[in-house]
Amino acid sequence: MKIIKTIICLFAAILLLLPFDTVQAWSSFRNEHGTANANTTPAKTPIEPDRAGTKWNIAFEQGGKTVYNSDPVITDTNIYVVCKSSLYQLDKSGTVCSALTLAAPMNSICRMTLNGNHLFIPLSGGIVQCVNIQTMASLWTSEPFGLQSLTTTYYHDGFLYAGTTNASGTDGLYYCLSADDGRTQWTYTSPDNPCGYYWSGAVSGQSFLLFGGDNGTIISHSLKEDTVYDTCDLSRYTKTAGGIRAGITYDDVTEAYYTTTNNGYLYQIKMNADGTFQRVTLLSLCSPATQGANCTSTPTIYNGRLYVCSFDGQNGRVNVIDPASMQMLYAVSAPDLRDIKSSPLVCTGYASPENNYKVYVYFTQNVVPGGIFYIEDDETTHSSDIKTLYLPETGKQFCLSSVAADTDGTLYYSNDSGTLFAVQDGFAAGPHTPATTPPAAVSPAPDVPAVSSVPSVRHAKQKKKQKLKKPMKIKYRKKKIGKKTYRVTFTWKKRMKSSSTEIVIRGTSHKRFRSKSHKKSVLLKKGTYVVRFYSCQSGKIKSGAVKLRLRI
C-alpha cells in the first residue's frame, strides 16, 4: 500500500510540473487557425435587442483621449487585452486580475495570438513580445523590425508570422519568427513594388503561407524556408490599384481562399499543391449607384454563404455571396449605415434544419456611438434588414474593431474610447459594473521595463457634455504632387469657445490630428474619404461633427 501511495504522489507531482495549456475560446483576431469556419461561433449569442445589454464594461484610464485597445484573446477563465503599453488580465466578471508593462506600446491596431499559454503581442517599432499568461511574465522579445505592427499575427506549427508598415502603406516587411525563442526565421520585402502590411493577415496551406500587402499582391511563401513559391498581383484582374487590408480565409467546401482589396473587390483564389496560383475569380462589391467601394473586411463563410462588409463612400453594406459561383445573393444597407471596417462574426448556435440553418451576422460600424449591429440570414433568404443589437450609454466613440465571442455567448468588442464591452442576453435593464481592485504589479522578465504599479483602471462613466458649436465655412483645395499623391489643404472658421479643431480623416488612409489654427495641409493618396471636423476645448470637450465627403 505504501508503494502505491508513493507512486500516486510522484505522479501527482509530475503533473504539477508539466506545462498547463489553457483552453482557448477565442485565440486570435477572427479566431483564425487556417482551417474552415473562422469567425463563426456555435454559442447562443444575444439575438434580441430589447434583452441584450452591458454585462460589464471597463475603460483603461487615459485622460479622456481617443484610445485603442487590442482585439481580445479569450480563454476558459480569462480575457486578455492590451491598452497602450500594458497587458491586462481580466476575469469573466470584468475585474482586472493582473497587469504587465510591455516592452513597447501598441499601435492603433494590436491583433494578438494565443497558443497554449504563450501570448504573442505585436507592438510598435515592429516588435513581437511573448508572454506566459499563467505567470504574466515575459518570455522573449523579438528583434525590432521598425515601423508599425498593424497586421494580424498568425501562429502555425511552431512559427509566428506578422508584418510591418509605415503610415501610408508604402514601406514594410513580412517576417517569420520561431515561437520558442523569437529568433527570426525569414523576412520578405517586395523587390519590385515595395509596400507595407496594413491590417492584412496570413493563412497557411498544405505547404505554403499566403499573405498580402498594400501593393495588392499576394505572396505564396515557404512556411519555414526563405523561399517564395509564387506571387499574384490582384490589380491585373481589375486594372485598378487596390491594397489588401484584410485577412485571408479558407473554405473547405470550395477548397479556395478568399480575401478583399480596398478598391472594393472580393477574390476567390485557388491554389496548386506546390504553392503556385491556379485560378483567381473576382466580384465587385460596389453598389449599382456608386462608382467605387472600399473594403477592409475579411470574409466569413458558413453553410455555402459568404459574408463580407464594405463601404461605397455613402453607406456601409453587408454583402451575402455564394462562394462557389462568386455571385452576389443580396446586399443589405440602410441610409444611416456608415463605414464598416469590421469583419463579420457569424453565430451558428441557433441554426437547424427546421429554420433553414438561420444565422446571425454581427458587425460594428465606424461611427459614434460605436455599437453592435446584425442581420439574420438563412439558406433561403434573399433579403434582410440591418438591426441594432447594442448601443453603449458610456464610452461612445468611433469603432474599428470586430466582435469576438465567448463559449457562453457573451460578445466582446472595444471602440475608440478604449472601453471594452461585454454584451450578453438579459442585461438590457442597465450595465452591471463590478468593483475593480487593481492588484499588485507583476514583475516582468529582465527584457521588459520594471512596473512600479498597475496602471489605473476605471469602469466607464457617462460624462456630462458641454455644448460647443461646430466649425464653420469648411473648404479645401487639392494639388497633385505625385503619381497618386495629393496635398489637400483644409481651411475653416473656428468658433469663439474653441481652443483647437480636431480633424479625423477615414478612407483609403486614416489620419487624425488637432490644429490650433484655421488651416491644415495633409498628404493623401487617391481615393474616397470622409473627413470630420470637431471644435475642441481643453483637450476633452468636443462638439458634434461637421462631415465632408472628399474624392481625390
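Note that the coordinates shown come from a computational prediction; the quantities given were computed from them, not determined experimentally. (Residues numbered from 1 in each chain as written. Predicted model: local features only at pLDDT ≥ 70, side-chain atom pairs only at ≥ 80, totals over all residues. Heavy atoms only, no water.)

**Re the nonpolar core**
Judged by nonpolar contacts, the single largest core of 35 residues is most densely connected at Tyr362, Ile372 and Leu411. Excluding residues within four positions of it along the chain, Tyr362 makes contact with Thr45, Pro46, Ile47, Ser343, Pro344, Leu345, Cys347, Ile372, Phe373, Tyr374, Leu389 and Leu411. With 29 residues, the next largest nonpolar core counts Tyr154, Tyr161, Trp186 and Ile248 among its residues. (Core = buried A, V, L, I, M, F, W, Y, C linked by side-chain atoms within 4.5 Å. Buried < 20%, exposed > 50% of the residue type's maximum accessible area, 1.4 Å probe, protein only. Contact = heavy atoms within 4.5 Å.)

**Digging into the packing of aromatic side chains**
Inspection of the entire model under this criterion finds 27 aromatic pairs. When the ring of Phe120 is compared with that of Trp140, the centres are 6.0 Å apart and the planes differ by 40°; the resulting orientation is tilted. Of this pair, Phe120 sits in strand β9 (residues 118-123) while Trp140 sits in strand β11 (residues 137-141), and the two are 20 residues apart along the sequence. Every member of this aromatic cluster is reached through a ring pair, and the members are Tyr154, Tyr161, Tyr174, Trp186, Tyr188, Tyr197 and Phe211. (Phe/Tyr/Trp six-rings, centres within 6.5 Å; stacked < 30°, edge-to-face > 60°. Helix = DSSP H or I, 4+ residues; strand = E, 2+ residues; numbered from the N terminus.)

**Focus on the sheet that holds strand β40 (residues 519-525)**
Taken in spatial order, the three strands make up an open sheet running β36-β37-β40, and their pairing is antiparallel. Of all the strands in the sheet, the pair left with one neighbour each is β36 (472-480) and β40. Neighbour-to-neighbour, the strand axes of this sheet turn through a mean angle of 25°, independent of strand direction. Sheet analysis places strand β37 (residues 485-493) next to β40, joined by seven bridges and oriented antiparallel. Residue Thr491 lies in a different strand from β40, and its bridge partner there is Lys519. (Pairing = 2+ DSSP bridges. Axes fitted to C-alpha atoms, helices over the stretch in contact; angles between N-to-C directions.)

**A few points about the sheet that holds strand β26 (residues 316-322)**
The strand order β24-β25-β26-β27 describes an open sheet built from four strands, whose pairing is antiparallel. Strand pairing shows two members of the sheet lacking a second neighbour, β24 (300-302) and β27 (327-332), which therefore form its edges. Sheet twist, expressed as the average angle between the axes of neighbouring strands with direction ignored, equals 25°. Examined bridge by bridge, β26 and β27 share five bridges and lie antiparallel to one another. Residue pairing across strands places Asn319 opposite Ala331, the latter belonging to β27.

**Some remarks on the pattern of salt bridges**
Per the counting criterion, the structure on display carries 12 salt bridges. Between Lys92 and Asp406 there is a salt bridge, with its nearest N and O atoms 2.8 Å apart. Here Lys92 is found in the loop between β6 (86-91) and β7 (96-101), whereas its partner Asp406 is found in the loop between β32 (404-405) and β33 (411-414), with 314 residues between them in sequence. Across the salt bridge formed by Lys341 and Asp339, the nearest N and O atoms sit 3.4 Å from each other. By sharing partners, the salt bridges in this structure join Lys358, Glu376 and Lys387 into a single network. (Salt bridge = Lys/Arg side-chain N within 4 Å of Asp/Glu carboxyl O.)

**Things to note about a positive patch on the surface**
Residues Lys480, Lys483, Lys484, Lys526 and Arg551 make up a contiguous surface patch of positive charge. Residue placement: Arg551 occurs in strand β43 (residues 546-551). Relative accessible area serves as the criterion here: at 52%, Arg551 is assigned to the exposed category. (Patch = residues over 30% accessible without salt bridge, like charges linked within 9 Å, V, L, I, M, F, W, Y side chains within 5 Å. Areas by Shrake-Rupley, 256 points an atom, 1.4 Å probe, with all protein chains shown as cover. Lys, Arg positive; Asp, Glu negative; His and termini not counted. Charge placed at Lys NZ, Arg CZ, Asp CG, Glu CD.)

**Brief notes about the environment of Leu345**
By the secondary structure assignment, Leu345 is in strand β28 (residues 345-347). Judged by relative accessible area, Leu345 falls into the buried class, the value being 0%. Along the backbone, Leu345 and Thr364 are 19 residues apart, and their C-alpha atoms lie at a distance of 9.9 Å.

Geometric values such as these leave the question of function open.
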